[in-house]
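Residue-level listing of the chains:
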Amino acid sequence: MFNSSLEAGLETQFPGGCLPALDVHDGKDAVLVKAELPGMKKEDIDISLQEGVLTLSGERKGNCQTGGGGAAHCERWFGRFERSIRLPCAVDAKSVKAAYTDGVLTIELAKAETAKPKQIKIQFN
Amino acid sequence: MNTIDNTLEQAAPAQTAAVESEREYIRPAVNIYETPEGYVLEAELPGVNKEGVSVQVEGGLLSIEGRRPAPVLPETEFFYRETSPADFRRDFQLDPAIDAANISAKMEQGVLTLTMPKAEAAKARKIAVA
């Protein structure tokens, strides 16, 4: 878990490498990916899926300057970011849904039929 | 940066979670800017909506709290987890020049923006020489 002052340091060392914070939830019928990206506009976030790898990228617009030239204290990070994650199983690329609410990006990827858990009945002869 | 430093909490350890009466909180990342009119504070509270934010000023202390709705997904099914479901909280010692009665707040996409004007008497003024 990154604390706020550490985030700013990590961003300069690994630009876009390990931020934003991501969760991957492996549900029964879908994989859910959540990313914390407060203060962005939907159109500045890009999502792409290729061969089982989901890539989130975009640009966090903003800066740490004041108009009046006064002092500033900055902990928020801005600039380009890009993170790729290999999904835990095969997904149906045609049914991916994404939503951005309250600064959290949620991507729902329905699992491919072959990836869903199945019950196998064992026959006793 | 003296006036900005006075606006930040004093002697606070740089930790992610601060235990407050047995609850764990995350300290939200903030940006604080000083403008000729006063201060602007931006706090990142991802996952918090307008109803979950509470901003209180008492005796020169500004308290920001952001509550997130209870998590819906069972913990055991997380394949990979970097975020914490804890709520946010951070306190600030306000610059006495701030006019606390006129602080305004807005919340958009998880970012809380507080505009804190300085009291008229505290602003820099040009004094005309007769």
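These figures come from a predicted structure and were not determined experimentally. (Residues numbered from 1 in each chain as written. Chains lettered and ligands numbered in written order. Predicted model: local features only at pLDDT ≥ 70, side-chain atom pairs only at ≥ 80, totals over all residues.)

Examining the sheet that holds strand β7 (residues 91-101) of chain A
Argument step 1. Strand order in the open sheet formed by five strands is β7(A)-β8(A)-β2(A)-β1(A)-β7(B), with antiparallel pairing between adjacent strands. The open sheet has two edge strands with one neighbour each: β7 of chain A together with β7 (78-81) of chain B. Neighbour to neighbour, the strand axes of the sheet diverge by 15° on average, direction disregarded.
Argument step 2. Across seven bridges, strand β2 (residues 30-36) of chain A lies against strand β8 (residues 104-111) of chain A in antiparallel orientation. Within β8 of chain A, the position partnered with L32 of chain A by the bridge is E108 of chain A. (Pairing = 2+ DSSP bridges. Helix = DSSP H or I, 4+ residues; strand = E, 2+ residues; numbered from the N terminus. Axes fitted to C-alpha atoms, helices over the stretch in contact; angles between N-to-C directions.)

Considerations on the environment of A21 of chain A
Argument step 1. For A21 of chain A, the position within the fold is in the loop between α1 (4-13) and β1 (22-26).
Argument step 2. Sequence spacing of A21 of chain A and A115 of chain A is 94 residues, and the spatial spacing of their C-alpha atoms is 26 Å.

Some thoughts on the pairing of β1 of chain A
Argument step 1. The element β1 of chain A is extensively covered by neighbouring structure, given that four of its five residues are classed as buried.
Argument step 2. The sheet contact formed by β1 of chain A and β2 of chain A spans five bridges and is antiparallel. Along β2 of chain A, the bridge assignment pairs V24 of chain A with V33 of chain A.
Argument step 3. Taking the residues between adjacent antiparallel strands as the criterion, β1 of chain A and β2 of chain A are bridged by three residues.
Argument step 4. Note: β1 of chain A against β7 of chain B, three bridges, orientation antiparallel. Across the sheet, the residue bridging to H25 of chain A is F78 of chain B, located in β7 of chain B. (Buried ≥ 20, exposed ≤ 12 C-beta atoms within 10 Å, placed from the backbone.)

Looking at the confidence of the model for chain B
Residue and element names in this part refer to chain B.
Argument step 1. Mean pLDDT over chain B works out to 83, with 81% of the residues at or above the 70 mark.
Argument step 2. Strand β1 (residues 17-20) is the least confidently modelled element of chain B, averaging 48 in pLDDT, while strand β6 (residues 61-66) averages 96, the highest of any element.
Argument step 3. Every residue in residues 10-20 scores below 50 in pLDDT, and together they form 18 contacts with partners more than four places removed in sequence or on other chains.
Argument step 4. Reported for the predicted complex are a pTM of 0.78 and an ipTM of 0.77. (pLDDT = per-residue confidence, 0-100. Contact = placed C-beta atoms within 7 Å.)

Looking at the nonpolar core
Argument step 1. Counting residues in hydrophobic clusters, the biggest one holds 20 residues, and the most contacted among them are Y39, L41, A43 and L112 of chain B.
Argument step 2. For this core, the elements supplying multiple residues, two or more each, are β3 (30-35), β4 (38-44), β6, β8 (87-93) and β10 (111-117) of chain B.
Argument step 3. The biggest single contributor to this core is β10 of chain B, with four residues.
Argument step 4. With sequence-adjacent residues up to four places away left out, A43 of chain B is seen in contact with P28, V30, I64, R90 and L112 of chain B.
Argument step 5. Counting residues in hydrophobic clusters, the runner-up holds 14 residues, among them V24, V31, V33 and L56 of chain A. (Core = buried A, V, L, I, M, F, W, Y, C linked by C-beta atoms within 7 Å.)

Re the sheet that holds strand β5 (residues 72-74) of chain A
Argument step 1. Read from one edge to the other, the open sheet built from five strands follows the order β5(A)-β3(B)-β4(B)-β10(B)-β9(B), with strand pairing classed as antiparallel. The sheet terminates laterally at β5 of chain A together with β9 (104-108) of chain B, the two strands that pair on one side only. Shown here is a sheet whose adjacent strand axes are inclined to one another by a mean of 15°, direction ignored.
Argument step 2. Pairing geometry for β4 of chain B and β10 of chain B, over seven bridges, is antiparallel. Paired with V40 of chain B across the two strands is T115 of chain B, which belongs to β10 of chain B.

Concerning the environment of G38 of chain B
Argument step 1. As for its position among the elements, G38 of chain B is in strand β4.
Argument step 2. When sequence neighbours within four positions are dropped, the list of residues in contact with G38 of chain B reads I98, M116, P117 and K118 of chain B.

Overview of the pairing of β6 of chain B
Residue and element names in this part refer to chain B.
Argument step 1. Side chains L62, I64 and G66 project from β6 onto a buried face, and the interleaved L61, S63 and E65 project onto a face without burial.
Argument step 2. Sheet topology places strand β5 (residues 53-58) next to β6; six bridges connect them, and they run antiparallel. Bridge pairing in β6 links Q56 to S63.
Argument step 3. A loop of two residues connects β5 with β6, the two strands running antiparallel in sequence, and G59 in this loop sits at a positive phi of about 55°.
Argument step 4. For β6 and β8, the ladder comprises six bridges, and the chain directions are antiparallel. Counterpart to G66 in the pairing with β8 is F88.

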